[in-house]
Amino acid sequence: MGVYSEYLSKGFTFDQLNIERKIQLKKIAQIRGGRDILVYASDIQNRQGAPVSIDFSDIQPFKDQISNLKGSAIDIILETPGGIGEVVEDLIKLVRSKYDDLAVIIPGTAKSAGTIFSMAGDDILMSSSSSLGPIDAQMMSNNKRFSADAFLEGLEKIKKEVASTGRLNPAYIPILQNISPGEIQNCENAQNFSKTLVRDWLQRYKFAKWTKHSSTGLDVTEDEKKNRAFEIAEQLCKHSDWLTHGRSVKIEDLEKMGLKISNYEINTELNDAITRYYTLLQITLESTNMYKLFETTETQIMRFTSPQVNTNKENKPANVVINYDCPSCKSKYEIQARLENNVPVNNSMVQFPKNDIFVCPKCSSSNNLSTLRLQLEAQTGKKVL
């Protein structure tokens, strides 16, 4: 039986999931020689339509969890779709102001700004199923998201075509009329910002202990470190190489660039502990409306989306609708939690179970909703009927 199936069969409650995650975090820390450990994770599938990306609101909880730690070296387990590069810079400053030794563990996915974050580690730990991603800046204009690198590359192609033909294709005129010099400069600045962070951090941290060439045994110069960091940053930022911002960059891709990655699957005990923690994390995200988690072995800060609350004539909570995914078969349900007796039962929805045990009609798995009940009652100040 796989780890995922094993945990699903146990039917853990929310509190039990929290306890089991802590157990695995402590195992990881022990195997890693007693290093501090911090989890910074988001629901990258964004089941709740929540703000799962790295943003400025993450700084305070991140700082809070760091303040609970007392060691001299830290491992950060990272799971994120990306976000704001300036926030990543601030988070790394927080970590590096306290720790000289940082390792970033990627059990699943750390894309875009998450990849930039990883480049600040003295070590990057991944498995064959882990992935980073391209770091080409993503821009917004006229409610459209696009790659800054692809945008600049497109302009360059137009310039070359004009230079070679001596004329501007009329089809380009309406496109160019909607582009301001400021937009072009913003794209260039965003690209340069991503590259600068990666170059500086690789040279300062990842390459700090790179002193000998493995192939020749010769000393590694500072210019060689600088050039290698430059090449890696350029390649990660080059949209034309990856074609899509969501492309997965695997261990073998990174090693081809000249970036050494530690494959934690080699250590059977460590691989088991990380796999178990990550599985428990995913089950937690799947079975609740949690969308972000900041966690150490002893403490945690969780962020949840607010359920849809319908009010009565006095504008007080009367009825709550929860979007719920069965952790076992992924079937989607709307659960109605009535807070007043006079609220009509919606027969198209599942009613919140009186004993807190929701039995999935499709796969018959039992799911304990007691923690969800407590959360709803705390948010609304009323009892779920």
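Residues numbered from 1 in each chain as written. Predicted model: local features only at pLDDT ≥ 70, side-chain atom pairs only at ≥ 80, totals over all residues. Heavy atoms only, no water.

So, the sheet that holds strand 2 (residues 73–79)
In any sheet, the strands associate via hydrogen bonds between backbone groups, in a parallel or an antiparallel arrangement.
Phase 1: The mixed open sheet is built from seven strands, whose spatial order is 7-4-3-2-1-8-9. The two strands at the open ends of the sheet, each matched to only one other strand, are strand 7 (262–263) and strand 9 (300–304).
Phase 2: As paired strands, strand 1 (residues 36–42) and strand 2 are joined by six bridges and run parallel to one another. For Ala-41, the partnering residue across the bridge sits in strand 2 and is Glu-79. (Pairing = 2+ DSSP bridges. Helix = DSSP H or I, 4+ residues; strand = E, 2+ residues; numbered from the N terminus.)

A few points about the side chain of Asp-325
Phase 1: The residue Asp-325 is located in strand 11 (residues 317–325) in this model.
Phase 2: A distance of 3.2 Å separates the side chain of Asp-325 from the side chain of Lys-332, its partner in a polar contact.
Phase 3: Those residues in contact with Asp-325, other than ones at most four positions away along the chain, are Arg-47, Glu-286, Ser-331 and Lys-332. (Polar contact = N/O pair within 3.5 Å; in protein donor to acceptor, adjacent residues only side chain to side chain. Contact = heavy atoms within 4.5 Å.)

Quick word on helix 9 (residues 222–236)
Phase 1: Helix length check: helix 9, at 15 residues, gives a terminal C-alpha distance of 21 Å against a target of 21 Å (1.5 Å per residue), a fit within 8%.
Phase 2: Among the residues making up helix 9, those that are buried are Lys-225, Ala-229, Ile-232, Ala-233 and Leu-236. Looking down the long axis of helix 9, one finds its buried residues gathered within 100° of arc, a one-sided arrangement. (Expected span 1.5 Å × (residues − 1). Buried < 20%, exposed > 50% of the residue type's maximum accessible area, 1.4 Å probe, protein only. Arc of directions from axis to C-beta.)

A short note on the environment of Leu-17
Phase 1: Within the secondary structure, Leu-17 sits in helix 2 (residues 14–31).
Phase 2: Given a relative accessible area of 3%, Leu-17 falls into the buried group.
Phase 3: Each C-alpha atom of the pair Leu-17 and Leu-281 lies 8.2 Å from the other, and the pair is 264 residues apart in sequence.
Phase 4: Residues within four places of Leu-17 in sequence aside, it is in contact with Phe-12, Leu-280, Ile-283, Thr-284 and Ser-287.

Topic: the pairing of strand 4 (residues 123–126)
Phase 1: Direction of pairing for strand 3 (residues 101–106) relative to strand 4: parallel, over a ladder of four bridges. If you follow Val-104 over to strand 4, its bridge partner there is Ile-124.
Phase 2: Each parallel crossover has a hand, and the one from strand 3 via helix 5 (residues 113–118) to strand 4 is right-handed.
Phase 3: In this sheet, strand 7 lies alongside strand 4 in parallel orientation, the contact comprising two bridges. Pairing of Met-126 across the sheet is with Asn-263, part of strand 7. (Right-handed = clockwise from strand over helix to strand, strands pointing away.)

Some remarks on the pattern of salt bridges
Phase 1: The tally for this structure, following the rule as stated, stands at 19 salt bridges.
Phase 2: In this structure, Lys-225 engages Glu-222 in a salt bridge whose closest nitrogen and oxygen atoms are separated by 3.5 Å. Of the two residues, Lys-225 and Glu-222 are both situated in helix 9; the distance of three residues between them amounts to about one turn of the helix.
Phase 3: Residue classification places Lys-225 among the buried positions, given a relative accessible area of 6%.
Phase 4: Three or more residues joined by partner-sharing salt bridges are found here, namely Glu-6, Lys-10, Asp-272 and Arg-276. (Salt bridge = Lys/Arg side-chain N within 4 Å of Asp/Glu carboxyl O.)

Quick notes on the environment of Asp-356
Phase 1: Mapped onto the elements of the fold, Asp-356 is located in the loop between strand 13 (350–351) and strand 14 (357–359).
Phase 2: Sequence separation between Asp-356 and Asn-368 is 12 residues, and the spatial gap between their C-alpha atoms is 5.7 Å.
Phase 3: Once residues lying within four places of it in the same chain are set aside, the contact partners of Asp-356 are Asn-367, Asn-368, Leu-369, Ser-370 and Arg-373.
Phase 4: Reaching out from Asp-356, the side chain makes a polar contact with the side chain of Arg-373 at a distance of 2.4 Å.

Considering the pairing of strand 12 (residues 332–338)
Phase 1: Among the seven residues that make up strand 12, five are buried, leaving the element largely enclosed by the rest of the structure.
Phase 2: Pairing between strand 11 and strand 12: seven bridges, direction antiparallel. Directly across from Ile-322, in strand 12, lies its bridge partner Ile-335.
Phase 3: In this structure, the hairpin formed by strand 11 and strand 12 is closed by a connection of six residues, where Lys-330 is found at a positive phi of approximately 70°.
Phase 4: Relative to strand 13, strand 12 runs parallel, the two sharing two bridges. Its bridge partner lying in strand 13, Gln-336 is registered against Gln-351.

So, the state of the cysteines
Phase 1: Counted under the stated rule, the structure contains zero disulfides.
Phase 2: Left without a disulfide partner, Cys-360 is nearest to the cysteine sulfur of Cys-329, which lies 3.6 Å away. (Disulfide = S-S within 2.5 Å.)

Details of the packing of helix 2 against helix 12 (residues 268–287)
Phase 1: Where helix 2 contacts helix 12, the axes come no closer than 9 Å and their chain directions differ by 155°. The angle between helix 2 and helix 12 falls in the class roughly antiparallel. Both helix 2 and helix 12 take part in a crossing whose hand is left-handed. From helix 2, Phe-14, Leu-17, Glu-20, Arg-21, Gln-24, Leu-25, Lys-27, Ile-28 and Ile-31 reach across to helix 12, where they touch Glu-269, Leu-270, Ala-273, Ile-274, Arg-276, Tyr-277, Leu-280, Leu-281, Ile-283, Thr-284 and Ser-287.
Phase 2: Grouping the constituent residues of the contact of helix 2 with helix 12 by class yields 12 nonpolar, three polar and five charged. (Axes fitted to C-alpha atoms, helices over the stretch in contact; angles between N-to-C directions. Parallel < 35°, antiparallel > 145°, perpendicular 65-115°, else oblique. Left-handed = near helix turned anticlockwise from the far one by under 90°. Nonpolar A, V, L, I, M, F, W, Y, C, P; charged D, E, K, R; others polar.)

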